[in-house]
There are 2 protein chains.
Amino acid sequence: MAPQLDGFFKQVDDLSDHFIDRLSQAVAIPSVSSDVSRRPDVVRMAHFLEKQLTALGAEVELRPLGKQPDQPQLDLPPVVLARYGRDPSKRTILVYGHYDVQPAEKTDGWNTEPFTLSIAEDGRMLGRGSTDDKGPVLGWINAIEAHKKAGIAFPVNLLMCFEGMEEYGSEGLDDLIMAEAKKFFADAEAVCISDNYWLGTEKPCLTYGLRGCNYYAVEVSGPGQDLHSGVFGGTAQEPMTDLTRVLATLVDTDGKIQIPGIAEQVAPVTADEASLYDGIAFTMETLHDALGSKTTVFDDKKSTLMARWRYPSLSIHGVEGAFSAPGAKTVIPAKVVGKFSIRTVPNMEIDKTNELVYAYVKAQFAKLKSKNTLRVYALHTGNWWVASPKHWNFSAAAKAVERVWGVQPDFTREGGSIPVTLTFEQATGKNVLLLPMGSSTDGAHSINEKLDKKNYIEGIKLLGAYLHYFAEEPKV
Amino acid sequence: MAPQLDGFFKQVDDLSDHFIDRLSQAVAIPSVSSDVSRRPDVVRMAHFLEKQLTALGAEVELRPLGKQPDQPQLDLPPVVLARYGRDPSKRTILVYGHYDVQPAEKTDGWNTEPFTLSIAEDGRMLGRGSTDDKGPVLGWINAIEAHKKAGIAFPVNLLMCFEGMEEYGSEGLDDLIMAEAKKFFADAEAVCISDNYWLGTEKPCLTYGLRGCNYYAVEVSGPGQDLHSGVFGGTAQEPMTDLTRVLATLVDTDGKIQIPGIAEQVAPVTADEASLYDGIAFTMETLHDALGSKTTVFDDKKSTLMARWRYPSLSIHGVEGAFSAPGAKTVIPAKVVGKFSIRTVPNMEIDKTNELVYAYVKAQFAKLKSKNTLRVYALHTGNWWVASPKHWNFSAAAKAVERVWGVQPDFTREGGSIPVTLTFEQATGKNVLLLPMGSSTDGAHSINEKLDKKNYIEGIKLLGAYLHYFAEEPKV
């Protein structure tokens, strides 16, 4: 029997301005986890969530995680652990989100102030963290509030785990999840994470697979300090020259990774899998819109989806230590650190991949016969994840999507990595569902990140509806 | 007859604390010409010089240079034009220096605050601009003051030209020099520039040649905005991949430029020239000290000096638009601008070199068969310069060096470029001398830039003594 949801939906609509104001308040806190100077803001964001949840009657704990490994003086931001409801007759679900955000500066090219939620006439709500991941985190809180205000019984016991280091490798979280699996999280019958995106802009999806991410640093150093290129150019071996030549050997323009042994680890495509891609609601036009260009590697949907979901990719992110400002500076940087990452897929192994990367980078550098010094190391690693989309957790979510959006969702995988997904699966032994709120054009990690008002408000309805279907879906 | 200089020298020693205090005041003004937000400080530095010069009785004008070409809203800092003395029975000399500095932040790795002059026990005076070029500029002012206070007649009419955009391509200065050649500068019988360094740390030198500098930007763009590497990795052609692959083809680890046609433009080494290098006071140990490492291209002095003075070099300075901060950011930058420069030598031509660079970069990019868009252009260019070291301007300076330092100077060329040198030569038709104050370990453009107290104080004596010899040297 389909749950009664009309009263809840109406209440969400009635509270929509209030919910948007809550998102404005959250975006205004620049909780950039990778920026040491912003750490107090990250902590402030944890307290903001604590206050909102406590006001609604949830039990909340801020769990300290100790010091940050690469900054031993610095406290990690706390994990917000919360419980709403303790009725043994109800099912219990665990939801996860993160309250930290990527860096953002107006000067990066934003059209609006990144830490002020700016609402355009077409409903785009611009601001860092709007879609990644403050909108979805607040979605759970808003769903609680709408139930309370509508006087509708909450259908489940809701366990919440909101972290503040997701954009910096979820430092410290794995240990907490492992430790709490049989304690705070013990009652959870399944897990839901809302921290990814629709494949396009029109059709919702449920996500059952993610790529992993191994993030590497290649450091080349030589001189004791930065040098003037006039005085020393031609007489010193330059670290930036060496680094550039090493980075240039990693991947080609069409994204083909040049490191031997990587492709050999990738699971072959089965006939079953190959047939899956044709039905997915995705067009190259959607990709062009999201890219803002037609500079794609492939011209067809199937190759594109496979490149994104089931093949590894390698991106060069930038160089630390070199001249990076506008204008001209005639410097020979003394020490430069190239950053690149590999998105990993079944059946790649983290340690094996690291070994292949280290050996290849060292071999490329050795070819240069340079007197400079090379180091290559991983800044963080995280495994890929694939779950069963036939689980009742997914069928409950599919019914909720159909109820709210009027369409059957696509079952998709994703190119991004949310390493905690795998940790939750391994720690709890339960099925994990990824239930996205935002759409493909939201621009997480980019300038002008946004969440559409419709996705936010209907997304709140979806999260709430999902909890109702979750409460009654047959466990098959 | 050797000029009487003892009274002047004693006065310089007596005023040394006062002269160091003047340098402290100048270093405290962060006149960074490449940083738009520091423009008021650059202008403040011009007013500081005006005030010092006026107090000593010089006639001073601050000449506006109009707007900055790449920042049309922004006024260029003024040129400080000054004259000290109008005695038609004396010779007239034109001296040049610059009062702007390179960028500097404590977080770049400075041991001290870059805009506070910090004096170490061994006499190193640390601070941005101490040696490049505030110390030498103040050297002329200090020489005037010491003459006044000692009651010694000033030996020449001194014309001064101090600019505020040297570290950003001397924007606007060439036109002024051309326009004033037969006006403000009309009486000058020779030119002296103190804006370079000794070859080592012990022996002074006079410099008669400089390399030029063509500074290039290579821009690769594709997506409409920065992208998340998880979502788009493998599906988009990445500008940073293309840029890295293009930059990697420019130069090898031993500094050999890979662009065809560059080496062919370089003047061949004559037997006369080849014999010059052996006598120069320079050792590989000096270079190792200045580098802070042994990561040199060559192991011998002669090859090293030739690489620095008479062969071109290519340095990759960095990338604008990519991730450049510490930590990890999983971004695919949408538009990246690689910066590199070529130090040029006789008989390379600017336009020819530009054409070779543009053609090569475009050809390398074309090989990638990328859908991204490439632009390559020069941010600034400046020609090489070689003067006659047999001119009486040089012999006057040589006598002054011998008087102050007790040794015959080496006659050297330099690897850096001071494009204004050539402009002065062409505009005035007079001999130009480069008379350095600082030593090879001063670290201009680096962190922990310094000027040794001894070089500053003896340098003031040298500039003053040079003016006396200049006044009476036979014009042969």
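What you see is a predicted model, and the numbers here were worked out from it, not measured in a lab.

Rules of the game
Residues numbered from 1 in each chain as written. Chains lettered and ligands numbered in written order. Predicted model: local features only at pLDDT ≥ 70, side-chain atom pairs only at ≥ 80, totals over all residues. Heavy atoms only, no water. Contact = heavy atoms within 4.5 Å. Buried area = accessible area lost by both parts, 1.4 Å probe. Salt bridge = Lys/Arg side-chain N within 4 Å of Asp/Glu carboxyl O. Polar contact = N/O pair within 3.5 Å; in protein donor to acceptor, adjacent residues only side chain to side chain. Helix = DSSP H or I, 4+ residues; strand = E, 2+ residues; numbered from the N terminus. Nonpolar A, V, L, I, M, F, W, Y, C, P; charged D, E, K, R; others polar. Core = buried A, V, L, I, M, F, W, Y, C linked by side-chain atoms within 4.5 Å. Buried < 20%, exposed > 50% of the residue type's maximum accessible area, 1.4 Å probe, protein only. Axes fitted to C-alpha atoms, helices over the stretch in contact; angles between N-to-C directions. Parallel < 35°, antiparallel > 145°, perpendicular 65-115°, else oblique. Left-handed = near helix turned anticlockwise from the far one by under 90°. Pairing = 2+ DSSP bridges. UniProt positions renumbered as here; feature names shortened; annotations may be inferred. Phe/Tyr/Trp six-rings, centres within 6.5 Å; stacked < 30°, edge-to-face > 60°. Least-squares fit on C-alpha atoms with pLDDT ≥ 70 in both. 1 Å grid on protein atoms, 1.4 Å probe; cavity = no way out; pocket = protein on both sides within 12 Å on 5 of 7 lines; lining within 4 Å. Points joined across faces, edges and corners; volume = space filled by probe spheres on them. Domains from an automatic or database assignment.

1. A closer look at the interface of chain A and chain B
At step 1: Listed per partner, the contact involves 86 residues of chain A and 85 residues of chain B.
At step 2: Both faces considered, chain A and chain B share a buried interface measuring about 7,100 Å² in area, 53% of it formed by carbon and sulfur atoms.
At step 3: The three residues of chain A that bury the most area against chain B are Thr235, Thr253 and Thr295 of chain A, which together make up 9% of that side's buried surface.
At step 4: Taken together, the connections running from chain A to chain B amount to two salt bridges.
At step 5: The partner of lysine 371 of chain A in a salt bridge is aspartate 299 of chain B, with the nearest N and O atoms 3.1 Å apart.
At step 6: Here chain A and chain B share 51 residue pairs in polar contact (both at pLDDT 80 or more) between them.
At step 7: If you tally residues by element for the side of chain A that touches chain B, the top one is strand E13 (residues 313–320) of chain A, at eight residues.
At step 8: For the side of chain A that touches chain B, the per-class residue count stands at 34 nonpolar, 35 polar and 17 charged.

2. Description of the nonpolar core
At step 1: Judged by nonpolar contacts, the single largest core of 68 residues is most densely connected at Leu49, Leu53, Tyr456 and Tyr466 of chain A.
At step 2: With 10 residues, helix H14 (residues 453–472) of chain A is the largest single contributor of residues to this core.
At step 3: Leave out the neighbours within four places in its chain, and tyrosine 466 of chain A touches Ile93, Trp140, Val191, Cys192, Asn393, Ala396, Ala397, Ala400, Leu433 and Leu435 of chain A.
At step 4: Formed by 67 residues, the second largest nonpolar core is a distinct cluster that contains Phe19, Ala46, Leu49 and Tyr84 of chain B.

3. What to know about the packing of helix H2 (residues 16–27) of chain A against H14 of chain A
All names here are of chain A.
At step 1: Look at H2 against H14: their axes get within 11 Å of each other, and the N-to-C directions meet at 110 degrees. Classified by the angle between their axes, H2 and H14 sit roughly perpendicular to one another. When you trace H2 past H14, the crossing you get is right-handed. Seen from H2, the contacting residues are Ser16, Phe19, Ile20 and Leu23; seen from H14, they are Lys453, Tyr456, Ile457 and Ile460.
At step 2: Among the residues forming the contact of H2 with H14, the class breakdown is six nonpolar, one polar and one charged.

4. Considerations on the pairing of strand E15 (residues 335–344) of chain B
Residue and element names in this part refer to chain B.
At step 1: Judged by how many residues are buried, E15 sits mostly within the fold: nine of 10 residues are covered.
At step 2: Direction of pairing for strand E11 (residues 212–221) relative to E15: antiparallel, over a ladder of 10 bridges. Across the sheet, the residue bridging to glycine 212 is threonine 344, located in E15.

5. Examining the UniProt feature "active site" (unreviewed entry) in chain A
Residues and elements named next belong to chain A.
At step 1: The feature "active site" (unreviewed entry), as annotated in UniProt, sits at Asp100 and Glu166 in this numbering. In terms of the greatest pairwise C-alpha distance, the residues named above, spread along 67 residues, form a tight cluster of at most 6.6 Å across.
At step 2: Mapped onto the fold, aspartate 100 is located in the loop between strand E5 (92–98) and strand E6 (118–119).
At step 3: With a relative accessible area of 0%, aspartate 100 lands in the buried category.
At step 4: If near-sequence neighbours (up to four positions away) are discounted, aspartate 100 is found in contact with Ser31, Ser33, Val42, Asp132, Glu163, Gly164, Met165, Glu166, Glu167 and Tyr168.
At step 5: Looking at aspartate 100, its side chain comes within polar contact range of the side chain of histidine 98, at 3.0 Å.
At step 6: Inspection of the secondary structure assignment puts glutamate 166 in the loop between strand E8 (157–163) and helix H5 (173–180).

6. Let's talk about the environment of aspartate 17 of chain B
All names here are of chain B.
At step 1: Residue position: aspartate 17 is located in helix H2 (residues 16–27).
At step 2: According to the relative accessible area criterion, aspartate 17 is exposed, its value standing at 59%.
At step 3: As a C-alpha pair, aspartate 17 and glutamate 414 span 397 residues in sequence and 32 Å in three-dimensional space.

7. Quick look at the sheet that holds E6 of chain A
Residues and elements named next belong to chain A.
At step 1: Strand order in the open sheet formed by three strands is E6-E7-E20, with antiparallel pairing between adjacent strands. The sheet is open, and its two edges are formed by E6 and strand E20 (450–452), each paired on a single side.
At step 2: Pairing of strand E7 (residues 124–126) with E20, which is carried by three bridges, proceeds in the antiparallel orientation. Residue leucine 126 lies in a different strand from E20, and its bridge partner there is lysine 450.
At step 3: Where helix H4 (residues 130–150) meets the sheet, it contacts E7 and E20, and its direction lies at approximately 50 degrees from that of E20.

8. Regarding the packing of aromatic side chains
Residues and elements named next belong to chain A.
At step 1: All told, the structure shown has 24 aromatic pairs over all chains when counted by the stated rule.
At step 2: Judged by centre distance (5.0 Å) and plane angle (85 degrees), the rings of tyrosine 84 and phenylalanine 154 are edge-to-face. Placement of tyrosine 84 in strand E4 (residues 79–84) and of phenylalanine 154 in the loop between H4 and E8 is noted, with a sequence separation of 70 residues between them. Take tyrosine 84 and phenylalanine 154: they sit in the same class, and that class is buried.
At step 3: One aromatic cluster is present, formed by Tyr96, Phe184, Phe185 and Phe424 through successive ring pairs.

9. What to know about the sheet that holds E13 of chain A
All names here are of chain A.
At step 1: Taken in spatial order, the four strands of this open sheet run E13-E15-E11-E16, and their pairing is antiparallel. Taken across any chain shown, the strands that pair with only one partner, and hence form the sheet edges, are E13 and strand E16 (373–382). Neighbour to neighbour, the strand axes of the sheet diverge by 20 degrees on average, direction disregarded.
At step 2: Sheet contacts for helix H11 (residues 350–368): strand E11 (212–221), strand E15 (335–344) and E16; angle to E16, the most-contacted strand, approximately 160 degrees.

10. Some details on the UniProt feature "site: Important for catalytic activity" (unreviewed entry) in chain A
At step 1: Taking the numbering used here, the UniProt-annotated feature "site: Important for catalytic activity" (unreviewed entry) corresponds to His228 of chain A.
At step 2: What makes histidine 228 of chain A buried here is its relative accessible area of 12%.
At step 3: Ignoring anything within four residues of it in the chain, the contact list for histidine 228 of chain A reads Gly233, Thr330 and Ile332 of chain A together with Arg343, Gly416, Ala444 and His445 of chain B.
At step 4: In this structure the side chain of histidine 228 of chain A is engaged in a polar contact, spanning 2.8 Å, whose partner is the backbone nitrogen of glycine 230 of chain A.

11. Some points on the packing of H2 of chain A against helix H3 (residues 39–55) of chain A
Residue and element names in this part refer to chain A.
At step 1: Where H2 contacts H3, the axes come no closer than 10 Å and their chain directions differ by 155 degrees. Compared by their axis directions, H2 and H3 come out roughly antiparallel. In this structure, H2 uses Arg22, Gln25 and Ala26 to contact H3, whose residues at the interface are Met45, Phe48 and Gln52.
At step 2: Considering only residue class, the contact of H2 with H3 consists of three nonpolar, two polar and one charged.

12. Looking at the relation of the copies chain A and chain B
At step 1: It takes a turn of 180 degrees to lay chain A on chain B, together with a shift of 0.1 Å along the axis; the resulting RMSD is 0.1 Å. What the superposition gives is, in effect, a two-fold axis relating one chain to the other.
At step 2: Both copies share a contact surface, since 99% of the interface residues of chain A are interface residues in chain B too.

13. A closer look at the pattern of salt bridges
At step 1: Applying the stated criterion across every chain, the model contains 50 salt bridges over all chains.
At step 2: Residues joined in a network through salt bridges with shared partners are Asp13, Glu458 and Lys461 of chain A.

14. Focus: empty space enclosed by the protein
Unoccupied space between atoms shows up once a probe the size of one water molecule is rolled over them.
At step 1: In this structure the tally under the stated criterion is six cavities of 30 Å³ or more.
At step 2: Here the largest cavity is characterised by a volume of approximately 80 Å³.
At step 3: As for the largest cavity, its lining consists of 14 residues, of which Gly255 and Leu314 of chain A together with Gly234, Ala236 and Glu238 of chain B are closest to the centre.
At step 4: Grouping the constituent residues of the lining of the largest cavity by class yields four nonpolar, seven polar and three charged.
At step 5: By volume, the second largest cavity is sized at about 60 Å³.
At step 6: For the second largest cavity, the full set of lining residues is Gly234, Ala236, Gln237, Glu238 and Thr241 of chain A together with Val251, Asp252, Thr253, Gly255, Val297 and Leu314 of chain B.

15. Regarding the pairing of strand E18 (residues 410–414) of chain B
All names here are of chain B.
At step 1: Extensive coverage of E18 is indicated by the burial of four of its five residues.
At step 2: Pairing of strand E10 (residues 205–210) with E18, which is carried by five bridges, proceeds in the parallel orientation. Paired with leucine 210 across the two strands is glutamate 414, which belongs to E18.

16. Focus: the domain arrangement of chain A
Residues and elements named next belong to chain A.
At step 1: Partitioning chain A into structural domains gives domain 1 (5–210 + 385–472) and domain 2 (212–266 + 311–382).
At step 2: Just the C-alpha atoms count here: the centres of domain 1 and domain 2 sit 34 Å apart.
At step 3: The interface of domain 1 with domain 2 comprises eight residues on the first partner and six residues on the second.
At step 4: Counting each side, the surface lost to burial between domain 1 and domain 2 is near 440 Å², with a carbon and sulfur contribution of 57%.
At step 5: Our count for the contact surface shared by domain 1 and domain 2 stands at zero salt bridges.
At step 6: Here domain 1 is connected to domain 2 by one residue pair in polar contact (both at pLDDT 80 or more).
At step 7: Taken together, the residues of the side of domain 1 that touches domain 2 break down into three nonpolar, four polar and one charged.

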